[in-house]
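# Working through the structure, step by step
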Amino acid sequence: MALKTYEKILIYLAWIAVLLFFLTPIAWFWALALRPQATAFAMPPVFFFQPHLDAFRYTFLDPGVNAPQLRNSLIVALGATLLNLPFAMAAAYALSRFRLRGKRFFMLWYLSLLMAPPVVYLIPYFILMSRLRLTGTYFSMVLILQTLTIPMSVWLLKSFIDEVPVELEEAAAVDGANWFVRLVKIALPLTLPGIVVTSMFAFVFSWNNVVFPLVLSNQRTMTLPVGTMNYFATAGITWNYIAATSVMAMIPPMIIFLLLGRYIVRGLTFGAVKG
Amino acid sequence: MPSFLLLVTLIIYPTFFVISNSFYFWNLQTSPVPLQFVGLKNFELVFTATPFVDSLRNTLVIAFVGTAIEFWLGMGIALLLNAGVPGTSIFRSLLIMPVTIAPVVTGFLFRYMYYREGGLVTWLLLQIGAPVSSRGLLGEESTALASVLAADVWQWTPFAAILLYAGLLAISDEIKEAARVDGASGWRMFWHITLPLVRPTAAIFIMLRFMQLFNMFDLVLVLTRGGPGTSSRTLAYNLYQEGLANYNIGIAAAMTVLIVLSVTLLINVYIRIAFKEWEW
């Protein structure tokens with residue numbers, strides 16, 4: 001169905017309105033990170049100003065209180081992603097390939113873990129970690145993030161493994177390869193794109209998680225968003241610094257989502273919709 | 001199944017912990033161990049000592065209203081995407097940006113824009129002549145919950161849009177053509193052809209979003225801390241407040257039991273609907 005020119009123009013105008021609505025808040029916060037402090041709460045709002053990088057310099061270089069937090073965020077998110085992969089891969093492979101009794105039960109059980117409020121796990125886990133004297137460690141954060149990353153990755157990876165033709169593995173089985181060899185030599189290479197996509201999502205979810213680090217980190221191991229929240233406690237909230245650290249926290253997920261392209265829908269629905 | 005074992009160990013302890021402690025009086029500030037058996041007293045205290053009913057009401061409002069708004073706005077944008085004009089992929093990549101942001105950071109964005117003096121949203125509302133109370137949007141009981149919800153709608157409507165767009169793309173041209181030949185167009189086409197065919201996708205969206213909204217915590221923490229009063233307190237925030245701010249572990253455990261029971265009930269209802277024709 002060919003559109004008339006005026007219809008096209010109307011659609012583009014609607015697109016622009018939609019984008020303005022969804023991108024202005026982000027742009028406004030980026031501007032906050034770059035604008036002179038005096039204009040941050042000017043009424044009416046100041047749209048044009050001389051941008052400068054003072055807020056970034058203060059938060060990440062000199063004195064750079066937030067620089068270690070950026071590193072902590074990376075350690076926790078990468079750690080959670082790496083720990084999650086072998087576990088999720090084995091489970092997803094088993095659920096995709098073997099005729100297990102209760103397959104449906106397992107899949108729904110993983111899903112229900114994703115659906116429960118995280119605070120529910122957090123309280124008992126916090127007390128357990130206090131008793132083991134592990135609060136404040138990267139390990140405690142990486143471990144509890146698995147309640148989020150493993151279920152998500154199992155679902156997502158299973159959807160990718162389901163697409164690899166089972167015949168290849170059957171042929172290998174005829175040649176005498178056991179399930180482990182088939183997993184490592186055949187399924188793994190063929191699902192590599194799926195593994196990369198899953199890791200990217202696991203990273204973003206871990207990176208964006210705040211509830212767990214909020215309670216489990218200490219001054220030395222706190223992640224970037226938790227560190228940002230500390231600015232609210234100081235007198236006369238320093239919004240330029242909040243914006244600078246937030247912009248830094250926004251960048252990695254944004255880049256990852258740009259790279260993910262057509263896999264976004266699949267990842268956000270945990271593989272339920274192929275996209 | 002190693003992942004199963006790891007998760008079971010991660011889950012069994014909390015489950016055991018929560019169920020046993022829901023029957024004990026235990027405040028972490030006064031004692032490192034549970035103090036005494038109190039039977040069902042904690043379950044009573046959940047309702048009398050914490051604003052549980054208010055929180056439940058707010059949570060249900062957020063979950064139902066939020067899912068509905070995000071779904072219909074998203075559907076509108078999905079139809080725009082599906083119009084088939086050049087540039088759709090760029091539009092889609094830009095549109096998805098709010099989804100990439102951590103919910104806490106979304107909270108920062110909106111807290112800044114909601115400021116009574118100098119906030120962008122407040123200023124825009126005043127420009128179009130809408131009344132904004134002197135306590136600001138977040139400081140007023142009547143608008144706090146709606147303001148929190150608006151931030152979530154901003155963040156997750158793009159998800160609805162690209163998900164439903166994927167559902168629309170999957171509708172084959174033959175079906176649309178056949179419907180058109182039969183004289184269907186405009187609204188009739190949408191109601192009788194498009195909407196039924198995106199139903200499986202829509203069901204998944206509604207399930208995911210409803211549960212995520214039901215668990216809303218981060219935005220509340222940053223924007224209002226549940227206030228003013230209890231006007232924007234959600235179940236998840238109420239639990240956090242009782243367990244990790246007041247350290248009433250016994251009451252928090254009893255509350256957890258109640259929340260998990262209601263979540264399980266909801267999930268089962270949804271799975272019956274959303275995964276009815278699912279292949280395992």
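Residues numbered from 1 in each chain as written. Chains lettered and ligands numbered in written order. Predicted model: local features only at pLDDT ≥ 70, side-chain atom pairs only at ≥ 80, totals over all residues.

### Regarding the overall build of chain B
A tally of helices and strands in chain B yields 14 helices and two strands. Considering only C-alpha atoms, chain B reaches an extent of 75 × 55 × 30 Å along its principal axes. Within chain B, the fraction of its 280 residues that count as buried is 44%. For chain B, restricting intrachain contacts to residue pairs at least 6 apart in sequence, the fraction spanning at least 24 positions comes to 69%. (Helix = DSSP H or I, 4+ residues; strand = E, 2+ residues; numbered from the N terminus. Buried ≥ 20, exposed ≤ 12 C-beta atoms within 10 Å, placed from the backbone. Contact = placed C-beta atoms within 7 Å.)

### Details of the overall build of chain A
Looking only at helices and strands, chain A has 13 helices and zero strands in total. Going from the N terminus to the C terminus, chain A shows its helices and strands as α-α-α-α-α-α-α-α-α-α-α-α-α. For the C-alpha atoms alone, the extent of chain A along its principal axes is close to 75 × 70 × 30 Å. Taking as baseline every contact in chain A between residues at least 6 positions apart, the subset at least 24 positions apart corresponds to 74%.

### Points about the domain arrangement of chain A
According to the domain assignment, chain A contains domain 1 (5–52) and domain 2 (69–238 + 251–268). Computed over C-alpha atoms only, the centres of domain 1 of chain A and domain 2 of chain A are separated by 34 Å. (Domains from an automatic or database assignment.)

### Structural notes on the packing of helix H5 (residues 119–131) of chain A against helix H13 (residues 235–245) of chain B
Orientation of H5 of chain A relative to H13 of chain B, taken along the N-to-C sense of each, is 10°, at an axis distance of 10 Å. What the angle tells us is that H5 of chain A and H13 of chain B run roughly parallel. Residues Val 119, Ile 123 and Phe 126 of chain A of H5 of chain A form the contact with H13 of chain B, whose participating residues are Ala 236, Leu 239, Tyr 240, Gly 243 and Leu 244 of chain B. The class makeup of the residues in the contact of H5 of chain A with H13 of chain B is seven nonpolar, one polar and no charged. (Axes fitted to C-alpha atoms, helices over the stretch in contact; angles between N-to-C directions. Parallel < 35°, antiparallel > 145°, perpendicular 65-115°, else oblique. Nonpolar A, V, L, I, M, F, W, Y, C, P; charged D, E, K, R; others polar.)

### Topic: helix H11 (residues 199–214) of chain B
In a regular helix each residue adds 1.5 Å, so 16 residues correspond to 22 Å; H11 of chain B covers 22 Å between its end C-alpha atoms and thus fits that length. Three or more residues of H11 of chain B are buried, namely Thr 201, Ala 202, Ile 204, Phe 205, Met 207, Leu 208, Arg 209, Phe 210, Met 211, Leu 213 and Phe 214 of chain B. (Expected span 1.5 Å × (residues − 1).)

### Considerations on the nonpolar core
Across soluble globular proteins, you tend to see nonpolar side chains buried next to one another. Grouped together as the largest cluster of nonpolar side chains are 162 residues, with contacts concentrated most on Ile 162 and Leu 164 of chain B. With 16 residues, helix H8 (residues 141–169) of chain B is the largest single contributor of residues to this core. (Core = buried A, V, L, I, M, F, W, Y, C linked by C-beta atoms within 7 Å.)

### Let's talk about unusual backbone geometry
All names here are of chain A. With omega at 5°, the peptide bond leading from Asp 62 into Pro 63 counts as cis. Note on placement: Pro 63 falls in the loop between helix H2 (54–61) and helix H3 (67–97). Even without a glycine there, the phi angle at Arg 133 is positive, about 55°. The topology assignment puts Arg 133 in the loop between H5 and helix H6 (138–161). With 8 C-beta atoms counted inside 10 Å, the residue Arg 133 sits in the exposed group.

### Structural notes on the packing of helix H1 (residues 5–34) of chain A against helix H6 (residues 103–113) of chain B
Packed helices, taken two at a time, are described by the angle their axes make and the gap between the axes. Closest axis-to-axis distance for the H1 of chain A/H6 of chain B pair is 10 Å, and the angle between their directions is 80°. In terms of their interaxial angle, H1 of chain A and H6 of chain B are classed as roughly perpendicular. Mapping the contact onto sequence places Pro 25, Trp 28, Phe 29 and Leu 32 of chain A in H1 of chain A and Leu 109, Tyr 112 and Met 113 of chain B in H6 of chain B. Looking at side-chain class alone, the contact of H1 of chain A with H6 of chain B contains seven nonpolar, no polar and no charged residues.

### Side note on the environment of Gly 39 of chain B
Residues and elements named next belong to chain B. Looking at where Gly 39 falls in the secondary structure, it is placed in the loop between strand S2 (36–37) and helix H2 (41–48). Classification of Gly 39 by C-beta neighbours within 10 Å gives exposed; the count is 9. Separated by 69 residues in sequence, Gly 39 and Phe 108 have C-alpha atoms that sit 42 Å apart.

### Here we look at the confidence of the model for chain A
Residues at a pLDDT of 70 or more form 98% of chain A, whose mean pLDDT is 87. Highest mean pLDDT in chain A belongs to helix H9 (residues 192–208) of chain A (93); lowest belongs to helix H4 (residues 103–115) of chain A (81). (pLDDT = per-residue confidence, 0-100.)

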